[in-house]
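Structural description and commentary
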Amino acid sequence: MTPALDDGSPAPAGAVASDLPTDAALIRRALAIAAAAPRTGDVPIGAVVVDAEGRELAAACNAREALGDPTAHAEILALRAAAAVRGEWRLDGCTLAVTVEPCTMCAGAVGLARVARVVFGAWEPRTGAAGSLWDVLRDRRQNHRPEVVAGVLEKECAALLESFFADHR
Ligand SMILES: [Zn+2]
C-alpha cells in the first residue's frame, strides 16, 4: 500500500525526471486509445492515467454508448481503473491525460481523486470545465487544484473528433 500523502499537496513541479513521458507522449497514447476504440458509436475520446514515475496505471476510451452509461466518459473509466490498480481512491502525484477538455463531471472526479496534473488536447467550448465554459479544475474555492496543461496536440485531437462527426452526420 502506498503511504498517504498530505491532502491536496501540489504536484512536485521541477522534480520531474528526464525519463518521464512528455505531455505530448501522453496525449499521443490517449489518441491511440481513442482511435482504436471499438466502433460502438461512441465519440472517440481517450484518456490515460500515469503515476508520478510515469508508469501507466490505466487507459480508457469513452464508452457511454457501449455501456449505456451516462457517466462512462474516458476520464471516469481511466480514473476508476487507476484507483483499482493502486488499491485506493487517492491518485496523488498522478497525471490524467485526455484528448478533449474534461466536462464538469470529469473535472469533479479529478478533484475527488486528488490528481496532480491534467493534460488535455482539444478545447471543448460547449461543455469544457477546464478553462473554456467553466474552470472547475482551477476554481479558487476548491481545496485541490491540479496543474492544467491545455492544447497539447490540439489539432490531432480535434481532427479525430471531426472525422468521427463527419462520418456520423
Ligand atoms: Zn466527462
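Residues numbered from 1 in each chain as written. Predicted model: local features only at pLDDT ≥ 70, side-chain atom pairs only at ≥ 80, totals over all residues. Heavy atoms only, no water.

Concerning the sheet that holds strand β5 (residues 147-149)
- The strand order across the open sheet built from 5 strands is β2-β1-β3-β4-β5, with neighbouring strands paired in mixed fashion. At either end of the open sheet lies a strand with only one pairing partner, and these are β2 (56-61) and β5. Here the strands of the sheet are splayed against their neighbours by 15 degrees on average, with no regard to which way each runs.
- On the sheet, helix α5 (residues 154-167) packs against β3 (95-100) and β4 (117-122) and is oriented at approximately 60 degrees with respect to β4. (Pairing = 2+ DSSP bridges. Helix = DSSP H or I, 4+ residues; strand = E, 2+ residues; numbered from the N terminus. Axes fitted to C-alpha atoms, helices over the stretch in contact; angles between N-to-C directions. Contact = heavy atoms within 4.5 Å.)

What to know about the pairing of β4
- The element β4 is largely enclosed, with a buried count of 6 among its 6 residues.
- For the crossover from β3 across helix α4 (residues 104-112) to β4, the handedness is right-handed.
- Across 3 bridges, β4 lies against β5 in parallel orientation. Bridging from a neighbouring strand, R117 pairs with E147 of β5. (Buried < 20%, exposed > 50% of the residue type's maximum accessible area, 1.4 Å probe, protein only. Right-handed = clockwise from strand over helix to strand, strands pointing away.)

A word on the confidence of the model for the protein chain
- Considering every residue of the protein chain, the mean pLDDT works out to 91; 89% of them sit at 70 or more.
- Counting contacts from residues 1-9, a segment whose pLDDT is below 50, to residues more than four positions away or on other chains yields 9 contacts. (pLDDT = per-residue confidence, 0-100.)

Some points on the coordination of the zinc ion
- Looking at the metal site, the zinc ion is ligated by H73 (ND1), C103 (SG) and C106 (SG), spaced 2.0 to 2.3 Å from it.
- Of note, the donors binding the zinc ion are all from one chain and are spaced H-x29-C-x2-C. For the pair C103 and C106, one class covers both residues: buried. (Donors = N, O, S within 2.8 Å, 3.2 Å for Na, K, Ca; no water.)

Observations concerning the side chain of E101
- Along the chain, E101 turns up in the loop between β3 and α4.
- Among buried charged residues, E101 stands out as having no salt bridge; its nearest opposite-charge side chain is R138, 6.8 Å away.
- A distance of 2.9 Å separates the side chain of E101 from the backbone nitrogen of A130, its partner in a polar contact.
- Look past the residues within four positions of E101 in its chain and what remains in contact with it is F120, A122, W123, E124, G128, A129, A130, G131, S132 and W134. (Lys, Arg positive; Asp, Glu negative; His and termini not counted. Salt bridge = Lys/Arg side-chain N within 4 Å of Asp/Glu carboxyl O. Polar contact = N/O pair within 3.5 Å; in protein donor to acceptor, adjacent residues only side chain to side chain.)

Section: the packing of helix α1 (residues 23-35) against α5
- Following both chains from N to C, one finds α1 and α5 inclined at 10 degrees, their axes separated by 10 Å at the closest point. One way to sum up the angle between α1 and α5 is to call them roughly parallel. Side by side, α1 and α5 meet where I27, L31, A34 and A35 of the first sit next to E156, C157 and L160 of the second.
- When the residues that make up the contact of α1 with α5 are grouped by side-chain class, the tally is 6 nonpolar, no polar and 1 charged. (Parallel < 35°, antiparallel > 145°, perpendicular 65-115°, else oblique. Nonpolar A, V, L, I, M, F, W, Y, C, P; charged D, E, K, R; others polar.)

Describing α4
- Turning to α4, its buried residues are C106, A107, A109, V110 and G111.
- If you follow the buried residues of α4, they end up packed against α3 (74-86), β3 and β4.
- Where α4 ends, the next residue or the one after it, R114, has phi of about 60 degrees, a positive value.

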